[in-house]
Amino acid sequence: MEQDKNFPLNKGIAVIMGLFHIGAVLALFFTTPNRILLGFTVWAIVSSVGIGVCYHRLLTHRGYETYKWLEYLMATIAALGQQSLAIIWVALHRIHHKFTEQPGKDPHTPRDGRWWSHMDWILHPNPEFQNSVFLNKWVPDLIRQPFYRKRYIQWLPTVVLATLCLIFGGVPAVLWGVTLPVVVGWHQTWLVNSATHIWGKRRFDTPDDSRNLWWVGLLAWGEGWHNNHHYDPVRARHGIVWYEFDVNWYFIKTLQFFGLVWKVKD
């Protein structure tokens, strides 16, 4: 798989991303304590439980095992983040680990450009990422499950949430409950792709540029201890010393305490 930075701009993606960013900015003009609480709650649950705990540490790296009903519930929550279908998200992240920092192969290495690694790679997507042959190669464990092949999972949860926000809080609630959490979640995830491969400290001498960046670690619920993660990708724990705050790990351990997950790789 070769990544080509000359792929044309996907105008549909650009428009959607633009509208969400506009909505996120507009939300700030309708600020109230209750709306701030709504936005924070949605962002925290979706970006931590959905993206970090489910998409990343479970589906991509299989850092623990859980019941299918809980896996699908967390994946549905992750869909609210509007970060593509689980099968595509996971496939791209597995490629990132297979070809880390290899220009033309790693989908979002800063060696192809800092802006490219942050979000430009999404605006100029490789059409191969949607190819069934590609997905069967990188996510055979997910593609054979009907749940992950249902494309409506990508948008239906967001439509339901937006409808509820509209009914109970009007347009301002939609801005705070949907658009702002999505945009913050996007940049949070993209900072792991870009910033933690540029700045920070390296505990382990990995053959890549991964770094532990404390402020991304805090912002991304523990995902910013990226050098630790690249040293041992299947490990469900990213913050390995006491001062590396890893909320996603604490959540996994809580689920383990209640018998909801097992075979946790720590």
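Coordinates for the structure precede this section.
Residues numbered from 1 in each chain as written. Predicted model: local features only at pLDDT ≥ 70, side-chain atom pairs only at ≥ 80, totals over all residues. Heavy atoms only, no water.

## Re helix α1 (residues 11–27)
- Under the 1.5 Å per step criterion, the end-to-end length of α1 is 24 Å for 17 residues, consistent within 8% with the ideal 24 Å.
- Met17, Phe20, Gly23, Ala24 and Ala27 are the residues of α1 that are buried. The arc that holds the buried residues of α1, viewed along the axis, is 120 degrees, so those residues lie on one side. Within α1, the exposed residues directed more than 90 degrees away from the buried face are Lys11 and Leu19.
- Where α1 is buried, its residues contact α5 (114–123) and α9 (156–193). (Helix = DSSP H or I, 4+ residues; strand = E, 2+ residues; numbered from the N terminus. Expected span 1.5 Å × (residues − 1). Buried < 20%, exposed > 50% of the residue type's maximum accessible area, 1.4 Å probe, protein only. Arc of directions from axis to C-beta. Contact = heavy atoms within 4.5 Å.)

## Observations concerning the packing of α1 against α5
- As a packed pair, α1 and α5 sit with axes 8 Å apart at the nearest point and diverge in direction by 125 degrees. Here α5 runs oblique to α1, going by the angle between their axes. Here Ile13, Ala14 and Met17 of α1 come into contact with α5, specifically with Met119, Ile122 and Leu123. (Axes fitted to C-alpha atoms, helices over the stretch in contact; angles between N-to-C directions. Parallel < 35°, antiparallel > 145°, perpendicular 65-115°, else oblique.)

## Examining the layout of surface pockets
- In this structure, the largest pocket spans a volume of roughly 1,000 Å³.
- Around the largest pocket sit 37 residues that line it, and Gln82, Gln83, Ser84, Ile122 and Gln154 are the ones nearest its centre.
- For the lining of the largest pocket, the elements supplying multiple residues, two or more each, are α1, α2 (33–60), α4 (86–98), α5 and α9.
- Counting residues per element, the lining of the largest pocket draws most heavily on α9, at seven residues.
- Its residues assigned to classes, the lining of the largest pocket shows 18 nonpolar, 17 polar and two charged.
- There is about 180 Å³ of room inside the second largest pocket.
- The wall of the second largest pocket is formed by Gly200, Lys201, Arg203, Asn212, Leu213, Trp214, Trp225, Tyr243 and Glu244.
- In terms of residue class, the lining of the second largest pocket is made up of four nonpolar, two polar and three charged. (1 Å grid on protein atoms, 1.4 Å probe; cavity = no way out; pocket = protein on both sides within 12 Å on 5 of 7 lines; lining within 4 Å. Points joined across faces, edges and corners; volume = space filled by probe spheres on them. Nonpolar A, V, L, I, M, F, W, Y, C, P; charged D, E, K, R; others polar.)

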